[in-house]
Amino acid sequence: MSQIERPRRSALYLPASNAKAIAKARTLPADVVILDLEDAVAPEAKVEARAAALAAVAEGGFGRRELVIRANGLDTPWGAEDLAAIATSGADAVLVPKVSSPADIEACQDALSAAPDRLQLWAMIETCACLPQLDAIAAMARSTRLSLFVMGTNDLAKEMRAKLTPERTPFLPFLSMAVAAARAHGVAVLDGVCNEFRDLDVFRAEAEQGLLFGFDGKTLIHPAQIDPCNAVFSPSEEELQRARTVIAAFALPENAGKGAIQVEGKMAELLHLDQAQRLVAVAEQIAATAV
Ligand code: COA
Ligand code: MG
């Protein structure tokens, strides 16, 4: 399965120190489970949380869900040991916080030298310093394990001293720049969390905004957010219908060799055929991996 086409509609964070949440995550329909050692874990619980995350990965039971551990930064007392332990943990990916430069990716790559090739490196995009370096950071995917960006909108709001409103106005340029940098280098990209987990209307609007911006999926903090998130980031029946119509139209003998055709009153170019084929492939992957 290509990494890009793998469904990553919903990525649920949980504190690795919360045994009950870990047990629950094994039963939830999230595409990705992120065991957090960083922001969701208090300093005095860090070492215990690391051991709990390693034990959870070793125990397994997460089925087809991608299993990720978020480490503490290499500039903290726990970062180096986190990365050394995660390297050989059997997790699918390690998510590293506050990546601000290509050098940060290089340092993580070096710290993961003992890891098998299949371990991916995912990077939190959540510092002001990374903004002018987004393209250079994403370009590290060519020479390192880097394969995915995760927006850290809470940290970004803190650093910028901006307000995280439902519209997310101060962050919109940042979000689209991160998506563009990721796409330019074949890196996947997930949107930040919505702190509002009781009001699912607020959540759904934010998830739809993320879809509009091109994100592959969204990071989540609560089980209630998973179903609406999966629904928003799954191709709709209407979109699939249009995609199949475009694919069928290009396959007609009279359209052979054409770059632009008319499909149900709208122009369709070969680029739309590419988009249609991708959409159908995404839907097939989702159907094939349904939990
Ligand atoms: N993953 C798995 N299970 C979770 C969960 C999560 N992120 N958040 C809550 N649950 C579980 C609870 O354990 C509880 O289980 P139970 O029904 O078996 O008792 C159930 O879902 C309902 O939880 P609820 O009472 O609604 O929420 P809460 O008040 O216990 O927790 C939070 C609220 C925000 C503290 C909690 O959702 C959480 O820790 N989220 C993740 C935070 C995080 O990882 N942040 C870092 C990235 S931003
Ligand atoms: Mg953070």
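First things first, this report covers the structure right here in the doc. Worth saying up front: this structure is predicted, and the values here are computed from it rather than measured. (Residues numbered from 1 in each chain as written. Chains lettered and ligands numbered in written order. Predicted model: local features only at pLDDT ≥ 70, side-chain atom pairs only at ≥ 80, totals over all residues. Heavy atoms only, no water.)

1. Focus on the coordination of the magnesium ion (ligand 2)
Note on metal sites: the ideal angle is 109.5 degrees for four tetrahedral donors, and 90 or 180 degrees for six octahedral donors. Within the protein, Asp39 (OD) and Asp155 (OD) serve as the donor atoms for the magnesium ion (ligand 2), at 1.8 Å. Here Asp39 is found in the loop between strand S2 (32–36) and helix H2 (46–59), whereas its partner Asp155 is found in helix H6 (residues 153–160), with 116 residues between them in sequence. Under the relative-accessibility criterion, Asp155 is labelled buried at 12%. (Donors = N, O, S within 2.8 Å, 3.2 Å for Na, K, Ca; no water. Helix = DSSP H or I, 4+ residues; strand = E, 2+ residues; numbered from the N terminus. Buried < 20%, exposed > 50% of the residue type's maximum accessible area, 1.4 Å probe, protein only.)

2. A few points about helix H3 (residues 79–87)
Buried residues of H3: Gly79, Asp82, Leu83, Ala85, Ile86 and Ala87, and no others. Among the structural elements, H2, strand S3 (66–70), strand S4 (93–96) and helix H4 (102–111) are those in contact with the buried residues of H3. (Contact = heavy atoms within 4.5 Å.)

3. A short note on the pattern of salt bridges
Tallying each qualifying case throughout the model produces 21 salt bridges. The partner of Asp31 in a salt bridge is Arg9, and the shortest N-O contact between them spans 2.9 Å. Taken together, the residues span a long stretch of sequence, with Asp31 in the loop between helix H1 (19–25) and S2 and Arg9 in the segment before strand S1 (10–15) at a distance of 22 residues. There is no split in this pair, since Asp31 and Arg9 are both buried. Each member of the salt-bridge network shares a partner with another, and the members are Asp36, Glu38, Asp39, Arg70, Lys98 and Asp155. (Salt bridge = Lys/Arg side-chain N within 4 Å of Asp/Glu carboxyl O.)

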